[in-house]
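This is what each chain is made of:
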Amino acid sequence: MKFPGQRKHKHFFPVEARDPRLSELLPQNKPVSGHICGIDQVLVDIEAQVDDNFLARHGLSKGHSMLLPEDKAEALYRELLERELIVSEFAGGTIGNTLHNYSVLADDRSVLFGVMSENIRVGSSAYRYLCTTSSRVDLNYLQPVAGSIGQCITLISPDGERSFAINKGMMDHLAPAHLDQAQIQSASALVLTAYLMRCEEHEPMQQSALQAAEWARQAGVPVVLTMGTRFIVEDRKDWWQQFIRDHVTLVAMNEEEALALTGIADPLLACERVLEWADMVLCTAGPAGLYLAGHVDDEHKRETSRPLLPGAIAEFNRYEYSRPMRKADCAAPRKIYTHISPYMGGPERIKNTNGAGDAALAALLHDLAANDYHRANVPGSAKHRARHLTYSSLSQVSKYANRVSFEVLVQHSPRLSRGLPEREDSLEEAYWDR
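Residues numbered from 1 in each chain as written. Predicted model: local features only at pLDDT ≥ 70, side-chain atom pairs only at ≥ 80, totals over all residues. Heavy atoms only, no water.

Engineer: Please provide a residue-by-residue account of the overall build of the chain, values included.
Structural biologist: A count of helical and extended segments in the chain gives 13 helices and 16 strands. Here the chain holds 434 residues, and the buried ones make up 55% of them. Taking all contacts inside the chain whose residues are at least 6 apart in sequence as the whole, residues at least 24 apart take part in 76%. About 18,900 Å² of surface is accessible on the chain, with carbon and sulfur atoms providing 49% of the total. (Helix = DSSP H or I, 4+ residues; strand = E, 2+ residues; numbered from the N terminus. Buried < 20%, exposed > 50% of the residue type's maximum accessible area, 1.4 Å probe, protein only. Contact = heavy atoms within 4.5 Å. Areas by Shrake-Rupley, 256 points an atom, 1.4 Å probe, with all protein chains shown as cover.)

Put into structure tokens, the structure is as follows:
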């Protein structure tokens, strides 16, 4: 486990000179390792430059999104390859992106559950998926299927108009029998997406997601839910609210999804509402920045040294130096919030917005898993006097998530190819060292 950010040399983990209790982690003992798990619709994102005749020939409506039968999608993809019209082809999927970025940041293992073509041809979409996924993402638990993985094909016309051709392939055919209960129940987190609940009746993906969530709940493993798009939420708002109450620890969403889920336009107030159902919330709000919200026991709250911020909740960031906890672990729970504006004011040129929220979530998962790792290896540390969810404070996690999100915005791929430039300690870290 690579810990989030860089500490000055005297701060590197383990720090025996500063806390004698860290001697519990003896050099001859192998540290207890951990991992996170996720379930995804395995797919690739493809961009291609085409003319209007191409769209007409394949029966596509310009500027719209269409779900294609697998045979028609295969014919379309074959022509794109033969005519060398493809501009880029990257591994995609919201959970696949999140796990990949987590493994790059943490330099640690993650486990992906989904499907994969059992016969893989060099140059095919399945081949591209494997080639552009971190080797630290464990793909050994993928279910082999006799068919293609999903394809999301973006067709760009000469006038810049974008049309979308979707090939579902076999991506929703993950069966519960191909889940590994031991891997899920020993994980630091289980990551799901709302897209998993939109499969057809004969497809087992929803059943698999519900089974995994139940196993995680039984073992006390945090369940993380990304909301997908507002269209998924709007159709079944009450159902999603109940699902979050029953299964979810952490909700990740953007401001549109927050509005669809809660009916509240203000991201801060939407986070407050979601905290009635979940323990922690991550909400990205585009140019407005990023919000994090959670709970802390009143005994363990820590007041900020930064200026108090105005908003729909007055001075909402007062306790942003606190480390979030599950509400059930708090004797006197208090809601805590933080906000951060886009890193460096945002990039001069945004090359890709797809995956920025997933990248922010990957950073949060890294901090969450680091806390689990530290607790398992140094249980007597002062950091674990209470059962916190994260290794760092809400404020520090927001800085990290913000920085990772920026890195995705300035590149074409939603997946990181390397870790981030390391950061030095802040005054807040000194606060925690007292």
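Continuing now.
Engineer: Lay out the sheet that holds strand β15 (residues 290-297) in plain terms, naming residues and giving numbers.
Structural biologist: What the nine strands build is an open sheet, ordered β7-β5-β1-β11-β12-β13-β14-β15-β16; its pairing is mixed. Lying at the two open borders of the sheet, with one neighbouring strand each, are β7 (137-138) and β16 (333-340). For strand β1 (residues 36-39) and strand β11 (residues 190-193), the ladder comprises two bridges, and the chain directions are parallel. Within β11, the position partnered with Cys37 by the bridge is Leu190. (Pairing = 2+ DSSP bridges.)

Engineer: I'd like a description of the UniProt feature "binding site: ATP" (unreviewed entry) in the chain, backed by residues and values.
Structural biologist: Summarizing the sequence annotation, UniProt attributes the feature "binding site: ATP" (unreviewed entry) to Thr284, Ala285, Gly286, Pro287, Ala288, Gly289, Gly357 and Asn402 in the numbering used throughout. A compact arrangement is adopted by the annotated residues: their sequence extent is 119 residues, whereas the largest C-alpha distance between any two is 13.3 Å. With respect to the helices and strands, the residue Ala285 is situated in the loop between β14 (280-284) and β15. Take Ala285: its relative accessible area is 6%, and that puts it in the buried class. Beyond its immediate stretch of four places on either side in the chain, Ala285 contacts Glu255, Pro267 and Tyr291. The exposure class of Pro287 is exposed, given its relative accessible area of 78%. (UniProt positions renumbered as here; feature names shortened; annotations may be inferred.)

Engineer: Which residues make up the packing of helix α6 (residues 205-219) against helix α8 (residues 237-247), and what values go with them?
Structural biologist: Contact geometry of α6 with α8 gives a least axis separation of 10 Å together with a crossing angle of 35 degrees. Counted together, Gln206, Leu210, Ala213, Glu214 and Arg217 of α6 and Trp239, Phe243, Asp246 and His247 of α8 form the full contact between these two elements. (Axes fitted to C-alpha atoms, helices over the stretch in contact; angles between N-to-C directions.)

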